[in-house]
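Single-letter residue listing:
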Amino acid sequence: MDLKTTIIEKIKSKFGDALEEVTDFREDLSVTISPEKILEFCKFIKNDNDLSFEMCKDVTAIDWATRKNRFTVVYHVYSFKNNFNLRIKANLKDDPPAIDSVTPVWKSANWYERETYDMYGINFINHPDLRRMYMPEGFEYYPLRKDFPVMGIPGSLPLPEKND
Amino acid sequence: MEKTKNIYTDEKLLKSLLEDKDITIEEDPLEHEMVINMGPQHPATHGVLRLVLRLDGETVVKVVPELGYLHRGYEKMAENMSYYEYIPHTDRLDYTATMCNNVAYVLAVEKLAGIEVPKRAQYIRMIIAELSRIAAHMVAIGTFAMDVGAVTMVMWTFKEREKIQNIFDRIAGARFTTSYTRIGGVASDIDDEAIAMIKNFLDEIGPSLVDMEKLLLGNRIFIDRLKGVGVLSKEDAINYGVTGPNLRATGVEYDVRRAKPYLYYNEIDFNIPTYSEGDALSRYIIRGDEVKESVKILRQCIEKLPKGEVIANNPKRVLPHKTEIYTKMEELIHDFMIVNFGINPPVGDVYFSAENPKGELGFYFVSNGSGQPWKLKIRSPSFCNLQVLPLICKGQMVSDVIAIIGSLDPVMGEADK
């Protein structure tokens, strides 16, 4: 049995109902998990001896703009033992969008989640330090959302007043 | 003699002035915790990194890194331009290693669109990526030494980097913002003179590296300044997502070139230097070792460089040669379609990562089948490497913070995107 089937079988047996979709595109394996189970799932794949996805390489989100469940949070995790990259996705249903933070599992998720919050406005529940990453404090918009214009919103950043 | 007259005639006022609570001259300021800002304009914070330090005397109690001073919204821009148009923007990510970014980006697009690239083009990409890696490590070594006070080093390393930029000038026609790769290959073939220049460079860098080692690694002050400073453990490095030389200095033998070979790195014989100390000194030495490995790779690449095309023949995805556009109708149509409507990769998402001088550079594409990416996420190594700063600066001295930042070798163009 090759690595991919082992991983899928293992996940299926533990998270049968929560596993929404498994796709394999260009040899990238990605699994979609229901967002309520994300923390439990991440704990499992990190601590399981066969899987041991020890490193979280990236957390980001996709804004689908038109779909009903608008945001998808994407995690890229890596297993040194198996030399394998796995992509985890979670389609968010709530509005405003929110999902459990995975910082208890991987420390590296801290800044990635802050970045995702900054850019997409997704709230990570129980995140230790959910602040803006790139944009100034008090900036009202989320720049990577599809409804934010590329040229920016005039007046969204206060400029110096014009003196007479 | 007249008795010295008190300037304060009002005794009450004098008394209250002497009792002023704000005057703390009696107290020792070193016994109190103090908050200071280091950066963004501090020379050792590489331009635009701000650190808020809480100090107890000279000891660092806590560090809060702040990013965002160079945020240019590259990921947003990617969603509004075609895959071809984005190549020049990758130069501006890690601006010390432009070619490495170019190569990583086009490889990611090729993975998404499923484009086969001729072997000669792949070998040329390996050559330029390794040259770029040496150039980036030269900046890293030089500026790091300068941060801790050894200014001579930066002159020496920039001399070597200058030679590499001359080679890039010959190959790509630009010294700094190269944008040399194309989707499906490279912009132009490398000629014999460029190869002669590279060979010449490879012969010269060996003795220079020996000189550099003699200058600093035989220097007691330099060693004492870095040994045991900013120690990062293996577990913490993995937990915090650190990659590249910083991870390998903690003893994890992980290199994307070996773990998931791209280009033709599986045909090349090279070692992955690792150290187990995880301190600033080992992070410094490991970069010198990697330069030696890159020299080894380059020698093999030049020897093995096959003959053939440097760009794929894939009319729907890859731009044809300019000469063909001017003389043939089919090619003109393909050129028109690619320029106006893009290369239209299939619907799906891919993640591709390459080993950059700073660590693992990953591109995550989401395609909806149109000519522009629906989403592009850049997993930049400097961003995650910086995340360990609060951990490894704790309990060190203020002056060590400078050494630690230099040893992590962050590039803010990449951390802020």
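On a predicted model such as this, the values are computed, not experimentally measured, just so you know. (Residues numbered from 1 in each chain as written. Chains lettered and ligands numbered in written order. Predicted model: local features only at pLDDT ≥ 70, side-chain atom pairs only at ≥ 80, totals over all residues. Heavy atoms only, no water.)

1. Some points on the overall build of chain A
Scanning chain A for helices and strands turns up three helices and seven strands. Reported as C-alpha extents along the three principal axes, the dimensions of chain A are approximately 75 × 30 × 25 Å. Taking all 164 residues of chain A together, 54% fall into the buried category. If you take every contact in chain A between residues at least 6 apart in sequence, the share linking residues at least 24 apart comes to 50%. Carbon and sulfur atoms make up 50% of the accessible area of chain A, which amounts to about 8,000 Å² in all. In chain A, the 23 positive side-chain charges and the 27 negative ones have mean positions that sit 2 Å from each other. (Helix = DSSP H or I, 4+ residues; strand = E, 2+ residues; numbered from the N terminus. Buried < 20%, exposed > 50% of the residue type's maximum accessible area, 1.4 Å probe, protein only. Contact = heavy atoms within 4.5 Å. Areas by Shrake-Rupley, 256 points an atom, 1.4 Å probe, with all protein chains shown as cover. Lys, Arg positive; Asp, Glu negative; His and termini not counted. Charge placed at Lys NZ, Arg CZ, Asp CG, Glu CD.)

2. Focus on the pattern of salt bridges
Under the counting rule described, the total for this entry stands at 43 salt bridges over all chains. With its nearest N and O atoms 3.8 Å apart, the salt bridge here joins Lys93 of chain A to Glu20 of chain A. Note that Lys93 of chain A is positioned in the loop between strand S5 (84-91) and strand S6 (98-100) and Glu20 of chain A in strand S1 (residues 19-25), a separation of 73 residues in sequence. Assessed through its relative accessible area of 39%, Glu20 of chain A is described here as partly exposed. Asp349 of chain B is the partner of Arg87 of chain A in a salt bridge, and the nearest nitrogen-oxygen pair spans 3.2 Å. Placement of the pair is Arg87 of chain A in strand S5 and Asp349 of chain B in strand S6 (residues 348-356), with the two residues belonging to separate chains. Residue Asp349 of chain B is classed as buried on the basis of its relative accessible area of 8%. Taken together, the shared-partner salt bridges in this structure form one network comprising Glu130, Arg133, Arg248, Asp255, Arg257, Glu290 and Glu355 of chain B. (Salt bridge = Lys/Arg side-chain N within 4 Å of Asp/Glu carboxyl O.)

3. A few points about the interface of chain A and chain B
With 46 residues of chain A at the contact, the number on the chain B side is 46 residues. Interface of chain A and chain B: buried area, both sides summed, is about 3,900 Å²; carbon and sulfur atoms make up 57% of it. Taken as a group, Arg26, Trp111 and Tyr134 of chain A account for 19% of the area that chain A buries against chain B, more than any other trio of residues on that side. Where chain A touches chain B, the interface holds nine salt bridges. At the boundary of chain A with chain B, the tally comes to 29 residue pairs in polar contact (both at pLDDT 80 or more). Ranked by residues supplied to the side of chain A that touches chain B, first place goes to strand S3 (residues 55-63) of chain A with nine residues. The residue inventory of the side of chain A that touches chain B, partitioned by class, reads 26 nonpolar, six polar and 14 charged. (Buried area = accessible area lost by both parts, 1.4 Å probe. Polar contact = N/O pair within 3.5 Å; in protein donor to acceptor, adjacent residues only side chain to side chain. Nonpolar A, V, L, I, M, F, W, Y, C, P; charged D, E, K, R; others polar.)

4. Section: the confidence of the model for chain B
With 93% of its residues at a pLDDT of at least 70, chain B reaches an overall mean of 86. Complex prediction metrics read pTM 0.88 and ipTM 0.90. (pLDDT = per-residue confidence, 0-100.)

5. Looking at the pairing of strand S7 (residues 359-367) of chain B
Working note: regular strand, side chains alternate between the two faces of the sheet. All names here are of chain B. For S7, the tally of buried residues reaches nine of nine residues, placing the bulk of the element in the interior. Alignment of S6 against S7, held across nine bridges, turns out to be antiparallel. Residue pairing across strands places Gly348 opposite Ser367, the latter belonging to S7. A loop of two residues connects S6 with S7, the two strands running antiparallel in sequence. Inspection of the sheet shows S7 paired to strand S8 (residues 375-379) by five bridges, in the antiparallel sense. Counted as the bridge partner of Tyr364 is Lys377 from S8. (Pairing = 2+ DSSP bridges.)

6. Quick look at the packing of aromatic side chains
A ring pair, where both rings are aromatic, is described by two values, the distance of the centres and the angle of the planes. A complete count under the given rule lists 25 aromatic pairs over all chains for this structure. Measuring from ring centre to ring centre gives 5.6 Å for Tyr83 of chain B and Phe365 of chain B, while their planes differ by 50 degrees; the resulting arrangement is tilted. Here Tyr83 of chain B, found in the loop between helix H2 (74-78) and helix H3 (87-91), pairs with Phe365 of chain B, found in strand S7; they are 282 residues apart in sequence, far enough to count as distant. Consider the rings of Tyr265 of chain B and Phe270 of chain B, whose centres lie 6.1 Å apart with planes at 65 degrees: the pair is edge-to-face. Relative accessible area serves as the criterion here: at 1%, Tyr265 of chain B is assigned to the buried category. Phe270 of chain B sits in the buried class, given a relative accessible area of 2%. Following the ring pairs from residue to residue traces out a cluster consisting of Tyr74, Tyr83, Tyr86, Tyr105, Phe363 and Phe365 of chain B. Across the ring face of Trp374 of chain B, the terminal group of Lys146 of chain A is positioned such that the distance to the ring centre comes to 3.9 Å. (Phe/Tyr/Trp six-rings, centres within 6.5 Å; stacked < 30°, edge-to-face > 60°. Lys NZ or Arg CZ within 6 Å of the ring centre and 35° of its normal.)

7. Here we look at the sheet that holds strand S3 (residues 59-66) of chain B
Residues and elements named next belong to chain B. Strand order in this open sheet of three strands is S1-S2-S3, and the pairing throughout is antiparallel. The sheet terminates laterally at strand S1 (33-38) and S3, the two strands that pair on one side only. Each neighbouring strand pair of the sheet contributes to a mean axis angle of 20 degrees, computed without reference to strand direction. Sheet topology note: the strand S2 (residues 50-56)/S3 ladder contains seven bridges and is antiparallel. By the bridge assignment for S3, Arg50 is matched with Glu66. (Axes fitted to C-alpha atoms, helices over the stretch in contact; angles between N-to-C directions.)

8. Considering a nonpolar patch on the surface
Together, Met329, Leu332, Ile333, Phe336, Met337 and Phe341 of chain B line one region of the surface with nonpolar side chains, adding up to about 600 Å² of accessible area. Counting through the fold element by element, Phe341 of chain B comes out in helix H14 (residues 329-341). (Patch = residues over 30% accessible without salt bridge, like charges linked within 9 Å, V, L, I, M, F, W, Y side chains within 5 Å.)

9. Some details on helix H12 (residues 280-304) of chain B
Over its 25 residues, H12 of chain B runs 36 Å from end to end, which matches the ideal 36 Å to within 8%, given 1.5 Å per residue. Extensive coverage of H12 of chain B is indicated by the burial of 19 of its 25 residues. (Expected span 1.5 Å × (residues − 1).)

10. Concerning the sheet that holds strand S2 (residues 28-33) of chain A
Residue and element names in this part refer to chain A. The mixed open sheet is built from five strands, whose spatial order is S1-S2-S5-S4-S3. Since the sheet does not close on itself, it has two edges, and those belong to S1 and S3, each with one partner. Sheet twist, expressed as the average angle between the axes of neighbouring strands with direction ignored, equals 20 degrees. Relative to S5, S2 runs parallel, the two sharing four bridges. For Val31, the partnering residue across the bridge sits in S5 and is Ile88. Contacting S2, strand S4 (71-79) and S5, helix H2 (residues 38-47) crosses the sheet at an angle of about 170 degrees to S5.

11. What about the environment of Leu70 of chain B?
Residues and elements named next belong to chain B. With respect to the helices, strands and loops of the structure, Leu70 is situated in the loop between S3 and H2. Look at Leu70 and you get partly exposed, because its relative accessible area is 25%. For the pair formed by Leu70 and Leu49, sequence separation is 21 residues and the distance between their alpha carbons is 8.9 Å. With sequence-adjacent residues up to four places away left out, Leu70 is seen in contact with Val48, Met412, Gly413, Asp416 and Lys417.

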